[in-house]
Amino acid sequence: MASSWSRLRAGAITLALFSLAHFLVDIYSGSIGVLQPFLVARYGLNLSQAGLIGGLLVFSSSVTQPVYGYLSDRYRSKLFSCLGPAVAGLFILGATMAPGYGALLVLMMLGGAGVSAFHPQGSSWSTSGMRSDRGGWMAVFISAGTLGMAVSPAFFKEVIQRIGFDHLLWAAIPGVLLSVVMLALVRAPVEMGPAKVRSFDWAALRAVRGPMTILYLGVFFRSAVQVTYGQFLILYLSRERHYALGDAAYLVTLYLSFGAVGGFLGGHLAERFGAKRIIVHSFLWSVPCMAVFFLVPGPVGVASLILGGFILLFTIPVNVVVAQRLVPSQAATVSALLMGFAWGMAGMLFIPITGWIADHASLHAALFSLLIFPAMGFVLTRRLPEDIGR
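Worth saying up front: this structure is predicted, and the values here are computed from it rather than measured.

A. View of the overall build of the protein chain. Along the protein chain, the regular secondary structure elements total 18 helices and zero strands. With 390 residues in all, the protein chain has 54% of them scored as buried. Intrachain contacts of the protein chain at a sequence separation of at least 6 include 84% that bridge at least 24 residues. Entry remark: accessible area of the protein chain is about 16,800 Å², with carbon and sulfur atoms responsible for 70%.

Have a look at this one:
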């Protein structure tokens, strides 16, 4: 009994540390929207140069995650995740003090590397000590990051107002302190095997390539809406719905925060009702809710947007847990594929396409048209096996 209690306590501490780290890492990575206007003014950037900053950060922090997932599965070093909060905070916020545009890009890419290295191992190790309700505990970890991304705009708006843009690097202190604590306390999960595995287990991935492909495309379709709305909603609300900029920013924070709550709830619902049912119904019901936002102005439309985002993000922890159960020997790699790589590729593809459509039609039409992707996700994920993830 004492041994079981000790393992549970150790697992809970590990989950708490990784969840807090996920919160901070995603606060730092989500700061770019607030930082960009100040960086444009300080360095005299045009919009193409400003866009390159965001593009490089997305590439460095998301698209490269499978590389770090592979390295994490191979070497099991805790440095990948434990240094993430410090590296992300110091380099992303340190970019505000860069001596020139070239140095700014380099610092942003290094900060993104900290974000990218953290996520695969963090998602793999965070719940390793929890013996039951794995999906529910994964929901805690993932929702912590979603919440960090949600509050980032409001958080850095307040920080800049209180201490000034020139002193923004002080906000990296929580990340540095948490990295020190994690380096002291975190241990590699025993059940994940020894360091320096001789070879990568491609056979395990090939054996489940069918359901893994469906899961990946489902995340990609969901992220087409999730990432692009996060990028453009403030602009859309202020330009085409005539909201004050501050009101638009806080509304988007509310929308993203409810998405974090949805992810938390979705993980628990999947443990009770089955992963496939939650994935399919998330796609099915999010589409009409979000469509109401574009068809009905006013409070009803806004409430529908928030409800749609809440339902759409049910699937974030569910997909990751299912993938880890399908390929437990490569847990960090598959987590990276379904979190960072799918998310990053959707952002790199659909953000510029949405901007192009907006230039030739309207932002309203561009954002509304993206709802075709959750509908496609519904059709596709119905092909998943009924018992997937069990």
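On we go from here.
B. Region of interest: the packing of aromatic side chains. Per the stated rule, a full pass over the model turns up 15 aromatic pairs. Measuring from ring centre to ring centre gives 4.9 Å for Phe38 and Phe165, while their planes differ by 10°; the resulting arrangement is stacked. Residue Phe38 is found in helix α2 (residues 32–43), and its partner Phe165 is found in the loop between α8 (134–163) and α9 (173–185); the two are separated by 127 residues along the sequence. Aromatic side chains Phe220 and Phe350 sit 5.6 Å apart centroid to centroid with 50° between the ring planes, which places their arrangement in the tilted category.

C. Local environment of the pattern of salt bridges. By the definition in use, this model includes three salt bridges. Two residues, Glu158 and Arg162, come together in a salt bridge whose shortest N-O distance is 3.8 Å. Within this pair, Glu158 and its partner Arg162 are both found in helix α8, separated by four residues, close to a single helical turn. For Glu158, a relative accessible area of 26% puts it in the partly exposed group. The residue Lys276 makes a salt bridge to Glu386 at a minimum N-O spacing of 2.8 Å. Of the two residues, Lys276 sits in helix α13 (residues 275–295) while Glu386 sits in the segment after α18 (372–381), which places them 110 residues apart along the sequence. Overall, Lys276 belongs to the buried group, its relative accessible area being 10%. By relative accessible area, which is 59% here, Glu386 ends up exposed.

D. Molecular detail of the packing of α13 against α18. α18 packs onto α13 with a crossing angle of 150° between their chain directions and a minimal axis gap of 8 Å. Considering their axes alone, α13 and α18 lie roughly antiparallel with respect to each other. Pair α13 / α18 crosses with left-handed handedness. Together, Lys276, Ile279, Val280, Phe283, Leu284, Ser286 and Val287 of α13 and Pro374, Ala375, Gly377, Phe378 and Thr381 of α18 make up the contact between the two elements.

E. Expanded view of the nonpolar core. Among the nonpolar cores identified, the biggest contains 105 residues, and Ile53, Leu104, Met108, Tyr229, Leu233 and Leu367 are the most heavily contacted of them. The leading source of residues in this core is helix α11 (residues 209–239), at 14 residues. Sequence-distant contacts of Leu233, defined by excluding residues within four places in its chain, comprise Val252, Tyr255, Phe293, Leu305 and Leu367.

F. Here's a closer look at the environment of Val322. Locating Val322 in the fold gives a position in helix α15 (residues 315–326). C-alpha of Val322 to C-alpha of Leu215: the two residues are 107 residues apart in sequence and 8.7 Å apart in space.

G. Structural view of the environment of Gly218. Mapping Gly218 onto the fold places it in helix α11. On the basis of relative accessible area, Gly218 is assigned to the buried category, the value being 3%. On a C-alpha basis, the gap between Gly218 and Leu380 in space is 7.4 Å, while along the polypeptide they are 162 residues apart. When neighbours within four sequence positions are excluded, Gly218 is seen to be in contact with Phe283 and Leu380.

H. Looking closely at a nonpolar patch on the surface. A contiguous nonpolar surface patch, about 310 Å² in accessible area, is contributed by Phe59, Met109, Met345 and Met348. Topologically, Met109 is positioned in helix α7 (residues 101–125). On the basis of relative accessibility, which here comes to 32%, the residue Met109 falls in the partly exposed class.

I. Up close: the packing of α2 against α7. In the contact formed by α2 and α7, the axes pass within 12 Å of each other and the chain directions differ by 165°. The orientation of α2 with respect to α7, classified from their angle, is roughly antiparallel. You can see that α2 and α7 cross each other, and the crossing is right-handed. Two secondary-structure elements touch here, α2 through Ile32, Leu35, Leu39 and Tyr43 and α7 through Tyr101, Leu104 and Met108.

J. Layout of helix α6 (residues 84–94). Across the eleven residues of α6, eight count as buried, placing the element largely inside the fold. Taken residue by residue, α6 has Gly84, Pro85, Ala86, Ala88, Gly89, Ile92, Leu93 and Gly94 as its buried positions.

K. How the structure looks around the confidence of the model for the protein chain. Of all residues in the protein chain, 89% attain a pLDDT of 70 or more, and the chain-wide mean is 83. The least confident element of the protein chain, judged by mean pLDDT, is helix α10 (residues 202–207) at 69; the most confident is α6 at 96. Within the model, pLDDT remains below 50 along residues 193–198, and this stretch shows eleven contacts once partners closer than five positions in the same chain are excluded.

L. The arrangement of the environment of Thr64 in detail. Position of Thr64 among the secondary structure elements: in the loop between α3 (47–63) and α4 (65–75). Residue classification places Thr64 among the buried positions, given a relative accessible area of 16%. It is 9.3 Å that separates the C-alpha atoms of Thr64 and Gly112, two residues lying 48 residues apart in sequence. The residues contacting Thr64, other than those within four sequence positions of it, are Phe59 and Ser116.

Conventions we followed
- Residues numbered from 1 in each chain as written.
- Predicted model: local features only at pLDDT ≥ 70, side-chain atom pairs only at ≥ 80, totals over all residues.
- Heavy atoms only, no water.
- Helix = DSSP H or I, 4+ residues; strand = E, 2+ residues; numbered from the N terminus.
- Buried < 20%, exposed > 50% of the residue type's maximum accessible area, 1.4 Å probe, protein only.
- Contact = heavy atoms within 4.5 Å.
- Areas by Shrake-Rupley, 256 points an atom, 1.4 Å probe, with all protein chains shown as cover.
- Phe/Tyr/Trp six-rings, centres within 6.5 Å; stacked < 30°, edge-to-face > 60°.
- Salt bridge = Lys/Arg side-chain N within 4 Å of Asp/Glu carboxyl O.
- Axes fitted to C-alpha atoms, helices over the stretch in contact; angles between N-to-C directions.
- Parallel < 35°, antiparallel > 145°, perpendicular 65-115°, else oblique.
- Left-handed = near helix turned anticlockwise from the far one by under 90°.
- Core = buried A, V, L, I, M, F, W, Y, C linked by side-chain atoms within 4.5 Å.
- Patch = residues over 30% accessible without salt bridge, like charges linked within 9 Å, V, L, I, M, F, W, Y side chains within 5 Å.
- pLDDT = per-residue confidence, 0-100.

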